[in-house]
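In case you want the letters, here they are:
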Amino acid sequence: MSVPMTPFTPQEKRLSIYLKALAVFYSVATLAYLIPGIISLPASFAPYRFLTDPAYDNNSTVKIALFALLTWIAAANVRKYREMIVVVIVASIVAEIASITLVLFAKNNYLISTNPVMYVTDILVGSIIFDGLIAGVLLGFFLSAERSRLNLLYFSPMQFRALKAVAEVAIDGEGATVISAEQIARNVDEYLSNFEAKSKWITKVVFTMMQIFPLFSFNPPLSYMSREKRLAYLKKRFYQDVTLRIMPEFIRVFIQAMIRMSKQLCYMGYYNDTRVFDAIGYKPFSRRSDYDERINLYPEVPRKNLIVMDEGSIPGDEFSAEIAIVGSGAAASILAHGLVERGHHVLLIERGKHHDRSEFTENEIEMVSKLYADGALQMASDFRFQVFQGSCVGGSTVVNNAVCFDLPPEVLDRWVDPRGLNAGLSTPDVIASMDFVKKLIHVNAVPLLALDKHLNPGGRKFIQGIHALGLHSTPNTYGSVVANIEHCIGCGYCNIGCQFGRKLSMLDTVLPTVQASGKGKLEIIASCEVLKFEGTGENVTAALGEFTSGRRIKIKADKFILSAGAISSSIVLLRSGISKNAGKRLGFNVGSQITAAFAERIDSYDGLQISHYLKPSPSRGYVIETWYNPPMFQSTAMPGWFEDHYRNMLRYNKLACGGVLTGSESNAEVRIAGLTGREIRYTPTQRDFTNLLEGLKLAGNIFLAAGAESVMPNSFKYYEFDSSLALSGLNDVLKDTSDLSIGTGHPQGGNVMSKDANVGVVGPDFKVHGYKNLYVCDASVFPSTLGVNPQITVMTLANYAASSIAQEA
Amino acid sequence: MDTFLGAGNTWCDYLGVIVIYTLLFVCIRAPWPTIELNWRVNFRVLAICWFIMMFTGNYLFYLLGVMSFLPWFNNLLHTSLWIGIVLTWLYHGVHKHSLIEQFILFAGYSFIVKMAESMMLGSWMKESFYFFHGRYAYLIAMSIVDGFYPLISIFVLRIAKKFVRGVVID
Ligand SMILES: Cc1cc2nc3c(=O)[nH]c(=O)nc-3n(C[C@H](O)[C@H](O)[C@H](O)COP(=O)(O)OP(=O)(O)OC[C@H]3O[C@@H](n4cnc5c(N)ncnc54)[C@H](O)[C@@H]3O)c2cc1C
Ligand code: SF4
């Protein structure tokens, strides 16, 4: 059955008319090139010897006749014969390059006339301009016709073709895919057009490169290869060659980055589509059989409205406050609480938008765009390490898993050690602050407040495995997590915002409460990114903010507190020219996952996302947490390539997943450089890699002991281990972290705290060394990484800072 | 033009001098790419003070016979770009180091620049400097004088602090 052709778009009609005009022009030109060679020209043409040169006439006639032929054919049906147009454009570009080369380097540049003085290359310059104009217009009309036909919202036609070409082979395996590659590509195009991230243009670069990359090995562009050849090409160049390391490292980095991003986008396009859910055995929460029962299990959590100003509500180009805090996440909210309670006026300035939880949906892409924005696309400079951060009112607490671990005592000891970084914090005050914060945000052991059946079902397997291996004895700690969650109903959407208000994020609890009780003392501006500070001497006088529209305002205040989170806080300091130590000593809780396949259906998605953990003691340098996601997120962390990945996603409801977290050494750095102006330089150390491997092996063994058929680390090359013995060989196959997919949602440090101004950015009073009224307080001031989930420590320090900042005010 | 550019000098010669300043500036700036926000007032104060002091000083000392004549354009570039901007940048970076270290750095860099200017523009030439004879005596003496930039700057900033908001003594 043939697919009916949609009518030509106006842009296609315009292209067709232009092609017809060109065809006429080229036909006439064919004669114009041929005739001078066979007739006698008037004497005035005598200087133009080349016109009568048979070789010149022959070549030009053939070239232009070919152009005439191609344009005649293409004009008849610009859709059917689009390749002809491509040939004309490419040939025109080649001709232009040849002409420019001749103008620059021609040996036989002879004089044609003396009055005016004219050389043969002058004529070439004229023809370069003339032909360039013709080809330029053709290219412009062609691209706009393509875009209008494909009805693209974000990508160019070429990028779209490359995306479709990758999708066709990346999502394929046994059984037919539910939606076509064209539909996957369209989904991605639409998602990205709505995606609220400034750095999303990188995806365009990636698909442009994917399309043209095969040319370097004398292959046709990716979308022009047959499906089989393309699959073989991608497997060879982007998979085998990378795993075998048979290319220089800088090319390997580049290739890994391209394929990672392009296949992840394809997965997003496929696994976020509701039509795919049945095929992989996933039921969105709203379609689960016990939805009503769960919703009605606990009374609706009452909430106070949060009043947030946006660009429209701020006239003029200046705004004043007593204390201005940059950010509105974990630290900023607790600071606001402490300061407002002590009678101060506080203004929070947040770069992300304000989304009330009533706007939260089950659509992963939509929520990632709203709640993470650029925080979802942050990569280390070698593109091998992804750093997730929330970017909305409430910060990362809106998207985090709410898992709470105390600040480990051994870490605090290290921080305050006078022979070490000498943070100068008072240990008893920090501990008191932690107790206060835990009460404030309602930290609870999860099973007390959620029915056990609402925990991640994969976690139950994990606990079974812990028991089977005898890891349940003290001093190890394990079990269901402690979290600031109340009455969880197990929808499994923590990382895309809890629409039911069960996760007690800053957006839902602290900020509205403070605003209500503070009687106008807490104001919040959203969608306004603080670019930098301005100042005179030791006093910061203003923060320069920029709204999404590009409009700028100056925010003046008596005191400024930077709480934009690790990475962003360092960037703001660096942009302002503040502190030579800013951006240094950055670290992460580095995470990598291992997926376990069970014979039976366990529906890991149907419950709290992170629900169980194991912390071996004495410390082995890592913790393991169970983790499972709705399909789009899970697909990006799913091991395997091509058919393996597809097969794994088909058993999505039979899988469980564990994440290993290790506190890295503080050897990373963030700088103002690179494509996005925020370059994260990070190479995991051998110690960090070893910790991860050991953690992955232990997590794998736990799942195997719980009856998993096999376990799969999230490695670049696909491995599936079906026994503990096989898994022990993990060290032999994974050479370094480039063989492993690693990422983090827990960046820490970068503006570390130390009494020593030569080492630290802030002192024990959170004040930036050398400034009287500028403070930094967020995860960036951690002197070293924690190795456990950091939000409690961030809030503890914020509460600690609030009292000292308030005292000074 | 002789007193403005210096005898036999062309704009191209000055371009060469600016290239030398730029190269040295790149080296000096590398470890401290930006001027710390709290030091920007200091930077402006020092750059302006040094420019005024040196521009007039060079001429006055010439009138007193202590220095050789610096062509006006040479004097302008040397005191505004080199001393005003580049050396103040250097001072921003090293002002917490020991005074001896600072002295060596300032005198050393000054010697390189004076040498270059004397070769390219024929300035900084004097047969002798008091009891010391030879082409280099004057060059070395003038460079040693520049070595005192950090010490003098401390006093400049202390005085400026009384009049200008934002000057920091650290
Ligand atoms: C997916 C995910 C899951 C996590 N799970 C857990 C968990 O279970 N347990 C746990 O303890 N921790 C978890 N974390 C980490 C935890 O949420 C963070 O460590 C914590 O929120 C950091 O607090 P912060 O105040 O430093 O930064 P954030 O909470 O990230 O807040 C910073 C805010 O500043 C804003 N901002 C940035 N730059 C600017 C600027 N220039 N101008 C204005 N505003 C700006 C950002 O948009 C953001 O809203 C998770 C994080 C993520 C991303
Ligand atoms: S699983 Fe997460 S998102 Fe769902 S109700 Fe529980 S806390 Fe909220």
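Predicted model, so just to flag it, every value in this text is computed and none were measured.

Cut-off values and rules
- Residues numbered from 1 in each chain as written.
- Chains lettered and ligands numbered in written order.
- Predicted model: local features only at pLDDT ≥ 70, side-chain atom pairs only at ≥ 80, totals over all residues.
- Heavy atoms only, no water.
- Patch = residues over 30% accessible without salt bridge, like charges linked within 9 Å, V, L, I, M, F, W, Y side chains within 5 Å.
- Areas by Shrake-Rupley, 256 points an atom, 1.4 Å probe, with all protein chains shown as cover.
- Salt bridge = Lys/Arg side-chain N within 4 Å of Asp/Glu carboxyl O.
- Helix = DSSP H or I, 4+ residues; strand = E, 2+ residues; numbered from the N terminus.
- Near = heavy atom within 4 Å.
- Polar contact = N/O pair within 3.5 Å; in protein donor to acceptor, adjacent residues only side chain to side chain.
- Nonpolar A, V, L, I, M, F, W, Y, C, P; charged D, E, K, R; others polar.
- Buried < 20%, exposed > 50% of the residue type's maximum accessible area, 1.4 Å probe, protein only.
- Arc of directions from axis to C-beta.
- Core = buried A, V, L, I, M, F, W, Y, C linked by side-chain atoms within 4.5 Å.
- Contact = heavy atoms within 4.5 Å.
- Domains from an automatic or database assignment.
- Buried area = accessible area lost by both parts, 1.4 Å probe.
- Axes fitted to C-alpha atoms, helices over the stretch in contact; angles between N-to-C directions.
- Parallel < 35°, antiparallel > 145°, perpendicular 65-115°, else oblique.
- pLDDT = per-residue confidence, 0-100.

### A short note on a nonpolar patch on the surface
Residue and element names in this part refer to chain B.
Consideration 1: On the surface, a nonpolar cluster with roughly 1100 Å² of combined accessible area is contributed by Met53, Leu99, Tyr136, Ile140, Ile144, Phe148, Leu151, Ile152, Phe155, Ile159, Phe163 and Val164.
Consideration 2: Secondary-structure elements contributing two or more residues to the nonpolar patch are α6 (135–146) and α7 (149–163).
Consideration 3: A per-element tally of the nonpolar patch places α7 first, with five residues.
Consideration 4: Counting through the fold element by element, Ile159 comes out in helix α7.

### Points about the site of ligand 1
Residues and elements named next belong to chain A.
Consideration 1: Contacts to ligand 1 come from 38 residues, most closely from Glu350, Ser396, Val403, Val530 and Gln791.
Consideration 2: Contact distances for ligand 1 include 3.2 Å between an oxygen atom and a backbone N or O atom of Ala330.
Consideration 3: In this structure, Ala564 approaches ligand 1 through a main-chain N or O atom, which is 3.5 Å from an oxygen atom.
Consideration 4: Listed by contribution, the elements that provide at least two residues to the shell around ligand 1 are α12 (330–341), β11 (528–536), α19 (568–576) and α25 (791–808).
Consideration 5: A total of three residues in the shell around ligand 1 trace back to one element, the largest contributor, which is β11.
Consideration 6: For the shell around ligand 1, the class distribution of residues is 17 nonpolar, 17 polar and four charged.

### Looking at helix α21 (residues 642–650) of chain A
Consideration 1: Among all positions of α21(A), only A:Phe642, A:His645, A:Tyr646, A:Asn648 and A:Met649 are buried. Within α21(A), the buried residues cover an arc of 160° as seen down the axis, which keeps them to one side.

### Things to note about the nonpolar core
Consideration 1: A:Met210, A:Trp415, A:Leu425, A:Phe533 and A:Phe766 are the most contacted members of the largest nonpolar core, which has 233 residues in total.
Consideration 2: Among the elements that take part in this core, α25(A) stands out by supplying ten residues, more than any other.
Consideration 3: Excluding its chain neighbours within four sequence positions, the residues that come into contact with A:Phe766 are A:Leu425, A:Met753, A:Leu774, A:Tyr775, A:Val776, A:Cys777, A:Val781, A:Leu797, A:Tyr800 and A:Ala801.
Consideration 4: In this structure, B:Phe43, B:Phe73, B:Leu87 and B:Trp89 belong to the second largest nonpolar core, which totals 34 residues.

### Thoughts on the domain arrangement of chain A
All names here are of chain A.
Consideration 1: Domain boundaries assigned for chain A yield domain 1 (10–150) and domain 2 (157–271).
Consideration 2: On a C-alpha basis, the centroid separation for the pair domain 1 and domain 2 is 35 Å.
Consideration 3: Taken residue by residue, the interface counts eight residues in domain 1 and five residues in domain 2.
Consideration 4: The contact between domain 1 and domain 2 buries some 550 Å² in all, and 50% of this surface belongs to carbon and sulfur atoms.
Consideration 5: Summed over the shared surface of domain 1 and domain 2, the number is one salt bridge.
Consideration 6: Only α3 (82–105) and α4 (120–150) provide two or more residues apiece to the side of domain 1 that touches domain 2.
Consideration 7: Ranked by the residues each element gives to the side of domain 1 that touches domain 2, the list is headed by α4, at five residues.
Consideration 8: Tallied by class, the residues present in the side of domain 1 that touches domain 2 amount to three nonpolar, no polar and five charged.

### Let's talk about the packing of helix α7 (residues 201–212) of chain A against helix α9 (residues 249–271) of chain A
Describing two packed helices takes the angle between their axes plus the distance from one axis to the other.
Residues and elements named next belong to chain A.
Consideration 1: Following both chains from N to C, one finds α7 and α9 inclined at 110°, their axes separated by 10 Å at the closest point. Our classification of the angle between α7 and α9 gives roughly perpendicular. Note on element contacts: α9 touches α7 through Phe254, Met258, Ile259, Met261, Ser262 and Leu265, opposite Ile202, Thr203, Val206, Phe207, Met209 and Met210.
Consideration 2: For the contact of α7 with α9, a count of residues per class yields ten nonpolar, two polar and no charged.

### What about the pattern of salt bridges?
All names here are of chain A.
Consideration 1: Taken as a whole, this structure holds 48 salt bridges over all chains when the rule is applied.
Consideration 2: Residues Asp273 and Arg275 are paired through a salt bridge, measuring 2.8 Å at the closest nitrogen-oxygen approach.
Consideration 3: What makes Asp273 buried here is its relative accessible area of 6%.
Consideration 4: Sharing partners across several salt bridges, the network here consists of Glu12, Arg79, Arg82, Glu83, Glu146, Arg149 and Arg161.

### Comments concerning unusual backbone geometry
Residues and elements named next belong to chain A.
Consideration 1: Across the junction of Thr474 and Pro475, the peptide omega takes the value 5°, indicating a cis bond.
Consideration 2: Assignment of secondary structure puts Pro475 in the loop between α17 (457–468) and β8 (477–480).
Consideration 3: Of note, the bond from Ser617 into Pro618 is cis; its omega dihedral lies within 30 degrees of zero at 0°.
Consideration 4: Relative to the assigned elements, Pro618 resides in the loop between β15 (612–615) and β16 (623–626).
Consideration 5: Backbone geometry at Asp603 places phi at a positive 50°, although glycine is not the residue there.
Consideration 6: Assignment of secondary structure puts Asp603 in the loop between β14 (584–597) and β15.

### Thoughts on the interface of chain B and chain A
Consideration 1: Counting residues at the interface gives ten residues for chain B, matched by 14 residues for chain A.
Consideration 2: On the chain B side of the contact with chain A, B:Glu36, B:Leu37 and B:Asn38 bury the most area, a combined 58% of that side's loss.
Consideration 3: Counting across the chain B and chain A interface gives zero salt bridges.
Consideration 4: Across the chain B-chain A interface, the total number found is seven residue pairs in polar contact (both at pLDDT 80 or more).
Consideration 5: A per-class count over the side of chain B that touches chain A returns four nonpolar, three polar and three charged.

### A few points about the site of ligand 2
Consideration 1: Within the structure, ligand 2 sits among A:Cys488, A:Ile489, A:Gly490, A:Cys491, A:Gly492, A:Tyr493, A:Cys494, A:Cys498, A:Arg502, A:Lys503 and A:Leu608.
Consideration 2: Class assignment of the residues belonging to the shell around ligand 2 gives a composition of seven nonpolar, two polar and two charged.

### Topic: the confidence of the model for chain B
Consideration 1: Averaged over every residue, the pLDDT of chain B is 94; the share at 70 or more is 99%.
Consideration 2: Scored as a whole, the predicted complex attains pTM 0.87, and scored at its interfaces, ipTM 0.84.

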